Amino acid sequence: MNVSRAENVSTDELKELLEFAVYLGQVAGEITLKYFRKGPETNTKADGSFVTIADRQAESELRRRLVERFPNDGILGEEEGETKGRSGRRWVLDPIDGTFAFVHGVPFYGVLIGLEIDGEMSAGVVNLPALEEIVYAAAGLGCFWNSKPARVSSTKKLEESLLLSTDFFASARYGFGAATEALQRRAKASRTWGDCFGHVMVATGRADVMLDPIMNLWDCAALLPIVEEAGGTFTDWRGVKTAAGGSAISTNGVLFEEVMGVVEKLL
C-alpha cells in the first residue's frame, strides 16, 4: 500500500477524499452562481467585510453533505464556526473567498475547501465558478487546473516577475508596508488580482508572487497544498510554511529566497 505525505493515509484514500472535495467545490460553486450579479442580500460583518445569502447557503450545503458522508470529521467554516470531529480529519471551508469581488459582480472569487489530516493541510480545492476554472491538489498527488497538471512559472528574477496582491495599500496597516513597496519597486509589474485568485495565478504559472498581509485559516487551508504541489511555496511573511500564520506569501519557489531577503530586511 502506497502512503502519501499525509501520514497513515493511503494514496487511494487521499485520491478519494480529493475527488469528493472537488465535487463539493462544484456544488458550492453552482449555488454561488445563482446569486452572482443578481444583487444578493448582503450584510456587513463586525470587521467590515461582506457576507451574502450565497455565502450562507453554500456553506450550509457543504456542511450537510460532509456530515452525511463523513459524520466523524471535523468542520471549520468562515460563516458557521467549528464543529469538532474525532476522525483526525478536519474540513476547512470558505464558501466565497473574495466576497467584495462577488458583491461587485467581479468574477475573481472562489469556493475554498481545505482538508487537514492529523494536523497537516493535505488537500485543497479552489473553484472559480464565474471563470469556469477549478484548481485542486493533494499531498504527493500533484496539482491540477481543469483536470490538467498545473505548474508554477520558471521566472528566475524579481525584476522579471509579475507581483500580485489583493490590496497593496493594506500592507502598511499590518506592518508590511515598507517590504511591499520594495517588492513593487523590484518587480517588473504589479497588479491587484487578489484573494484566492492571486494565489491560483501563482500555482498555474500566470503570476510569480502573491502577497496577502492578513489571512484567516479558512483563507489559507486550500491554498497551501495547491501552491506547494504546483512546485511553489506558501508561507507567512516570516517565511514559515503554515496556513495559520495570519498572513501569506505565495511564490514560484525559485523566487522565494529573493522575496524573503527583501521582506526580512524591512519587517
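Above this text is the structure in question.
Quick caveat, the model's predicted, so the values are computed rather than measured.

This brings us to the nonpolar core. If you look at the biggest cluster of nonpolar residues, it comprises 34 residues, and the most contacted ones within it are V126, C143, I226 and F234. Those elements that provide at least two residues to this core are β7 (120-128), β8 (133-138), β11 (162-165), α6 (195-203), α7 (217-220) and α8 (223-229). Counting residues per element, this core draws most heavily on α6, which supplies 6 residues. Residues in contact with F234, not counting those within four places in the same chain, are H199, C220, L223, L224, V227, K241, T242, A248, I249 and S250. Judged by nonpolar contacts, the second largest core, of 27 residues, contains V9, L18, Y136 and L141.

Our next topic: the pairing of strand β9 (residues 142-145). In this sheet, β9 lies alongside β8 in antiparallel orientation, the contact comprising 4 bridges. Opposite V135, over in β9, you have W145 as the bridge partner. Taking the residues between adjacent antiparallel strands as the criterion, β8 and β9 are bridged by 3 residues, where G140 takes a positive phi near 80°. Judged from the 2 bridges that link them, β9 and strand β10 (residues 148-149) form a sheet pairing that is antiparallel. Counterpart to F144 in the pairing with β10 is P149. In textbook terms, the turn of a hairpin is the stretch between consecutive antiparallel strands, and for β9 and β10 this stretch comprises 2 residues, one of which, N146, has a positive phi near 50°.

Cut-off values and rules
- Here the residue index of a chain counts from 1 through its sequence in written order.
- Local features in this predicted model are restricted to residues whose pLDDT is 70 or higher, and side-chain atom pairs enter the listing and the counts only when it is 80 or higher, whereas totals over whole chains, interfaces and linings include all residues.
- The basis for the side-chain values is all heavy atoms of the structure; hydrogens and waters are excluded.
- The term nonpolar core refers to a set of buried residues drawn from Ala, Val, Leu, Ile, Met, Phe, Trp, Tyr and Cys, joined through side-chain atoms within 4.5 Å.
- When accessible area is computed with a 1.4 Å probe and restricted to protein chains, residues below 20% of their type maximum are described as buried, those above 50% as exposed, and intermediate ones as partly exposed.
- Comment: elements are numbered from the N terminus, with helices defined as DSSP H or I runs of at least four residues and strands as E runs of at least two.
- What makes two residues a contact is simply this: any of their non-hydrogen atoms within 4.5 Å.
- Strands are treated as partners if at least two bridges between them are detected by DSSP.

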